[in-house]
Amino acid sequence: MEERELAELVHLVGKRLRQGYVRRLVPLGLSPSQARALRVLADAGPERPLRMVRLAEELRIVPRSLTPVVDALEEAGLVRRQTDPGNRRSTLVVITPEGRAAADRARDARREAGEDLFAGLSEEQREQLRELLSVVDAQFR
């Protein structure tokens with residue numbers, strides 16, 4: 001078997017994880033960007049709707065790229081827009097109960113994609129990999 005660079009293997013594994021995740025999102029009627037937006041809104045909490053600008057910052061995208069994502073989520077009844085009472089020029093994005101349920105299903109889809117991808121590893125190996133990747137990730141926080 002050809003030996004690959006570590007960076008190449010990590011990239012390949014990440015790509016396979018994304019592909020498995022996307023396959024599971026399709027039946028939910030969600031794109032990865034919609035699922036990410038719902039996750040951020042759900043994690044903010046039911047009492048904390050986010051301004052469009054803040055949601056874009058959390059997703060690390062420009063606000064104009066967020067508009068079609070929020071449009072599609074609003075059309076599906078998963079979020080609603082409302083004027084920010086603290087700043088009438090700002091728009092809040094509020095997750096609906098249906099949106100919260102969709103965020104949970106998307107989270108399950110991501111977890112299942114990971115379980116399938118790493119099924120060939122023992123529990124001990126998965127824990128080792130989790131720890132190693134956490135060390136690498138911690139460098140950037």
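Just above sits the structure.
All of these numbers come straight from a predicted model, not from anything done at the bench.

So, how was this worked out
- Sequence order sets the numbering: in each chain, residues are counted from 1 along the sequence as written.
- In keeping with the predicted nature of the model, local features appear solely for residues at pLDDT of at least 70, side-chain atom pairs appear and are counted solely at 80 or more, and the whole-chain, interface and lining totals rest on all residues.
- Heavy atoms throughout the structure, all of them, feed into the side-chain values; hydrogens and water do not.
- Put simply, DSSP H or I for four residues or longer makes a helix, DSSP E for two residues or longer makes a strand, and each gets a number counted from the N terminus.
- Contacts: residue pairs with any heavy atoms within 4.5 Å of one another.
- Definition of nonpolar core: a set of buried residues of the types Ala, Val, Leu, Ile, Met, Phe, Trp, Tyr and Cys, connected through side-chain atoms within 4.5 Å.
- Each residue gets one of three labels from its accessible area relative to the maximum for its type: buried under 20%, exposed over 50%, partly exposed in between, using a 1.4 Å probe on protein chains only.
- Put simply, the grid is 1 Å and covers the protein atoms alone, a cavity is a trapped set of points that fit a 1.4 Å probe, a pocket is an open set with protein on both sides within 12 Å along at least five of seven lines, and lining residues have an atom within 4 Å of a point.
- Grid points are joined across faces, edges and corners, and a volume is the space filled by probe spheres set on the points.
- Lys, Arg, Asp and Glu make up the charged group, whereas Ala, Val, Leu, Ile, Met, Phe, Trp, Tyr, Cys and Pro make up the nonpolar group; the residues left over, Gly among them, are polar.
- A pair of strands is treated as paired once DSSP finds two or more bridges between them.
- In this description, one arc is meant: the one made by directions from the helix axis to the C-beta atoms.
- Between Lys or Arg on one side and Asp or Glu on the other, a salt bridge is scored when a side-chain nitrogen of the former is within 4 Å of a carboxyl oxygen of the latter.

Time to look at the side chain of Asp 84. Structurally, the position occupied by Asp 84 is in strand 2 (residues 79-84). Discounting chain neighbours no more than four positions away, the residues touching Asp 84 are Arg 51, Ser 90 and Leu 92.

Before going further, it helps to spend a moment on the nonpolar core. Grouped together as the largest cluster of nonpolar side chains are 28 residues, with contacts concentrated most on Leu 30, Leu 38, Leu 55, Leu 66 and Leu 73. Contributing elements (two or more residues each) for this core: helix 1 (6-25), helix 2 (32-44), helix 3 (52-59), helix 4 (63-75), strand 3 (87-95) and helix 5 (97-117). Looking at which element gives the most residues to this core, the answer is helix 2, with seven residues. Those residues in contact with Leu 38 that sit more than four places away from it in its chain are Leu 30, Leu 73, Leu 78, Val 79, Ile 95, Gly 99, Ala 102 and Ala 103.

Quick look at the layout of surface pockets now. Considered as a void within the structure, the largest pocket measures approximately 1,600 Å³ in volume. Elements that contribute at least two residues to the lining of the largest pocket include exactly helix 1, helix 2, helix 5 and helix 6 (123-138). Within the lining of the largest pocket, the residues separate by chemical class into 15 nonpolar, three polar and 14 charged.

Here we take up the pairing of strand 2. On a regular strand, each side chain points to the face opposite its neighbour's, so the side chains alternate between the two faces of the sheet. Sheet topology places strand 2 next to strand 3; six bridges connect them, and they run antiparallel. In the strand pairing of strand 3, Asp 84 is matched with Asn 87. Taking the residues between adjacent antiparallel strands as the criterion, strand 2 and strand 3 are bridged by two residues.

Within helix 3, the full set of buried residues consists of Met 52, Leu 55, Ala 56 and Leu 59. In an axial view of helix 3, the angular spread of the buried residues amounts to 100°, which keeps them on one side of the axis. Where the residues of helix 3 are buried, they touch helix 2, strand 1 (50-51), helix 4, strand 2 and strand 3. Directly beyond the C-terminal end of helix 3, a positive phi value near 60° is found at Arg 60.

This part takes up the pattern of salt bridges. Taken as a whole and judged by the stated rule, the model has 14 salt bridges. With its nearest N and O atoms 3.9 Å apart, the salt bridge here joins Glu 112 to Arg 24. One end of the pair, Glu 112, is in helix 5; the other, Arg 24, is in helix 1, with 88 residues separating them in the sequence. Since its relative accessible area comes to 34%, Glu 112 is described here as partly exposed. For Arg 24, a relative accessible area of 21% puts it in the partly exposed group. Note that Arg 126 and Glu 123 form a salt bridge whose closest N and O atoms lie 3.8 Å from each other. One end of the pair, Arg 126, and the other, Glu 123, are both in helix 6, three residues apart, so they sit about a helical turn from each other. Judged by relative accessible area, which is 27%, Arg 126 ranks as partly exposed. Through salt bridges with shared partners, a single ionic network connects Arg 24, Glu 112 and Asp 116.

Moving on, we get to the sheet that holds strand 2. The sheet built from three strands is open, its strands ordered 1-3-2 with antiparallel pairing. One side of each edge strand has no neighbouring strand; the edge strands of this open sheet are strand 1 and strand 2.

Turning our attention to the side chain of Thr 96. Tracing the backbone shows Thr 96 in the loop between strand 3 and helix 5. By relative accessible area, which is 11% here, Thr 96 ends up buried.

Fair warning: the whole summary comes from geometry, so function is off the table for now.
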